[in-house]
Amino acid sequence: MNQYDLNLILNPNLSAEQVGIEKEYIEATVKNAGGEISNLDELGNRRLAYAVNKDREGYYLMYTIKSSGNPEQNIASTLRLRDHVRRVLVVKDRPEWKTKKA
């Protein structure tokens, strides 16, 4: 299993209850695709560089997942169909990017 970063931007106008529903759906989608979530960073509302669907802010969720196969095809394509999901980005985690060079 490879490690990936799954970054999502949700609608900034969601209530805490709606955000919880979206997080449950994301977790179920990852598990149904054969992956597992190892970490979640919930950054909350942040300003965007440009407007997305006329919103200048977005609610950021950053997951670290372990998955075999192609999560871009299996997970991201399913999440893009949700109404409250603005952006989805899946990046393969590479350990050499995290090493600090002196």
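Residues numbered from 1 in each chain as written. Predicted model: local features only at pLDDT ≥ 70, side-chain atom pairs only at ≥ 80, totals over all residues. Heavy atoms only, no water.

1. Re the packing of aromatic side chains
By the definition in use, this model includes zero aromatic pairs. Here R82 stacks its cationic end above the ring of Y25, 3.9 Å away from the centre of that ring. (Phe/Tyr/Trp six-rings, centres within 6.5 Å; stacked < 30°, edge-to-face > 60°. Lys NZ or Arg CZ within 6 Å of the ring centre and 35° of its normal.)

2. Describing the nonpolar core
Membership of the largest hydrophobic core comes to 18 residues, with the highest contact counts inside it found for L6 and L8. Those elements giving two or more residues to this core turn out to be β1 (2-10), α1 (16-32), β3 (55-67), α2 (71-79) and β4 (85-92). In this structure L8 touches I26, Y59, Y60, L61, Y63, L79, V85, R87 and V88, once residues within four positions along its chain are discounted. (Core = buried A, V, L, I, M, F, W, Y, C linked by side-chain atoms within 4.5 Å. Buried < 20%, exposed > 50% of the residue type's maximum accessible area, 1.4 Å probe, protein only. Helix = DSSP H or I, 4+ residues; strand = E, 2+ residues; numbered from the N terminus. Contact = heavy atoms within 4.5 Å.)

3. Remarks on the packing of α1 against α2
Running from N to C, α1 and α2 point in directions that differ by 155°, and their axes come no closer than 10 Å. Taken together, the axes of α1 and α2 are roughly antiparallel relative to one another. Crossing hand, α1 versus α2: right-handed. For the pair α1 and α2, contact is made by Y25, I26, T29 and V30 and by I75, T78 and L79, respectively. (Axes fitted to C-alpha atoms, helices over the stretch in contact; angles between N-to-C directions. Parallel < 35°, antiparallel > 145°, perpendicular 65-115°, else oblique. Left-handed = near helix turned anticlockwise from the far one by under 90°.)

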